[in-house]
Amino acid sequence: MMNADKTPPYIKIDVANQQFSNGNVVSSEPEIHALISDENGIDLLSRKIDILVSFDGGDFESADSENYSFGWSPSSNDVTVNYAPGKLDSGSYEIKAMAYDFNGNIGIRSIQFDVKNDFKLEEKSLMNYPN
């Protein structure tokens, strides 16, 4: 269904079961959800949807395809992606989703978050009570 469309697919990424803003601290076992949509449809036949992961500013590596699943309906131009990376080490992460529409336009969206397995109270963060 090729046409003159030059608009890439829209991608929305969030972290399940919590209010999420880019850069937040998340669970050490997060569930990442993406909604990918394009009025001409997402190409799942000749191109794959890629999930890439960067840890502490390192290079992006492809996520293990066993850790994510897709959902779609023939009557919709939306694709959902659920990514469960398993237990993550403490540090900073960036997750990037990439998808193509049927015209070859690529959509890319990423989120950043931190995982902290140990929480420490800093002495300077303590306040007097009942101040």
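Note: the structure precedes this text.
Below: a short report on this structure.

Criteria and thresholds
- Residues numbered from 1 in each chain as written.
- Predicted model: local features only at pLDDT ≥ 70, side-chain atom pairs only at ≥ 80, totals over all residues.
- Heavy atoms only, no water.
- Helix = DSSP H or I, 4+ residues; strand = E, 2+ residues; numbered from the N terminus.
- Buried < 20%, exposed > 50% of the residue type's maximum accessible area, 1.4 Å probe, protein only.
- Contact = heavy atoms within 4.5 Å.
- Salt bridge = Lys/Arg side-chain N within 4 Å of Asp/Glu carboxyl O.
- Phe/Tyr/Trp six-rings, centres within 6.5 Å; stacked < 30°, edge-to-face > 60°.

What to know about the overall build of the protein chain
- Each helix and strand counted, the protein chain has zero helices and nine strands in total.
- Mapped from its N terminus to its C terminus, the protein chain presents α and β elements in the order β-β-β-β-β-β-β-β-β.
- Per-residue burial over the protein chain gives 34% buried out of 131 residues.
- Relative to all contacts within the protein chain whose residues are 6 or more apart in sequence, the contacts with residues 24 or more apart total 66%.

Digging into the pattern of salt bridges
- In the structure shown here, the tally under the stated rule is three salt bridges.
- Between Lys48 and Asp50 there is a salt bridge whose closest N-O contact spans 3.3 Å.
- Its relative accessible area of 54% is what places Lys48 among the exposed residues.

Section: the packing of aromatic side chains
- For the coordinates displayed, the defined rule picks out four aromatic pairs.
- The interplanar angle of 45 degrees and the centroid separation of 4.8 Å between the aromatic rings of Phe55 and Tyr93 together place this pair among those described as tilted. Of this pair, Phe55 sits in strand β4 (residues 50-55) while Tyr93 sits in strand β8 (residues 91-100), and the two are 38 residues apart along the sequence.
- When the ring of Tyr68 is compared with that of Tyr83, the centres are 6.2 Å apart and the planes differ by 75 degrees; the resulting orientation is edge-to-face. Remark: Tyr83 occurs in strand β7 (residues 78-83) and Tyr68 occurs in strand β6 (residues 68-72); sequence separation between them is 15 residues. Note on accessibility: Tyr68 and Tyr83 belong to one class, buried.

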